[in-house]
Amino acid sequence: MHIKHTIREAFDRSGKPYDALDRQPPTEAQKYVKPLHLGDPMIEWWKY
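Nothing here was measured: the structure is a model prediction, and the numbers come from that model.

J.: Describe the overall build of the protein chain, listing the residues and the values that go with them.
T.: Per the secondary structure count, the protein chain includes two helices and zero strands. Taken over 48 residues, the protein chain has a buried fraction of 12%. Taken as a whole, the protein chain presents about 4,200 Å² of accessible surface, with 62% of it coming from carbon and sulfur.

J.: Could you give an account of helix α1 (residues 2–14), naming the residues involved and the relevant values?
T.: Helix length check: α1, at 13 residues, gives a terminal C-alpha distance of 18 Å against a target of 18 Å (1.5 Å per residue), a fit within 8%. Gly 15 occupies a position one or two residues after α1 and carries a positive phi of about 80°.

J.: Tell me about a nonpolar patch on the surface, and name the residues and values.
T.: Together, Tyr 32, Val 33, Met 42, Ile 43, Trp 45 and Trp 46 line one region of the surface with nonpolar side chains, adding up to about 580 Å² of accessible area. Counting through the fold element by element, Ile 43 comes out in the segment after α2 (20–23). Taking relative accessible area as the criterion, Ile 43 reaches 31% and is therefore assigned partly exposed.

What counts, and where the lines are drawn
Residues numbered from 1 in each chain as written. Predicted model: local features only at pLDDT ≥ 70, side-chain atom pairs only at ≥ 80, totals over all residues. Heavy atoms only, no water. Helix = DSSP H or I, 4+ residues; strand = E, 2+ residues; numbered from the N terminus. Buried < 20%, exposed > 50% of the residue type's maximum accessible area, 1.4 Å probe, protein only. Areas by Shrake-Rupley, 256 points an atom, 1.4 Å probe, with all protein chains shown as cover. Expected span 1.5 Å × (residues − 1). Patch = residues over 30% accessible without salt bridge, like charges linked within 9 Å, V, L, I, M, F, W, Y side chains within 5 Å. Salt bridge = Lys/Arg side-chain N within 4 Å of Asp/Glu carboxyl O.

Structure representation (structure tokens):
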């Protein structure tokens, strides 16, 4: 967990956005099934 936190802080310090879904994903799948563009809504993969 410390490594993840350090990486996220590095993104923040560099001024590059870090997708909020990566910060607190409600499901494990959201770590891997990403929207096409940053800021797009979550892909509702369970509906397909």
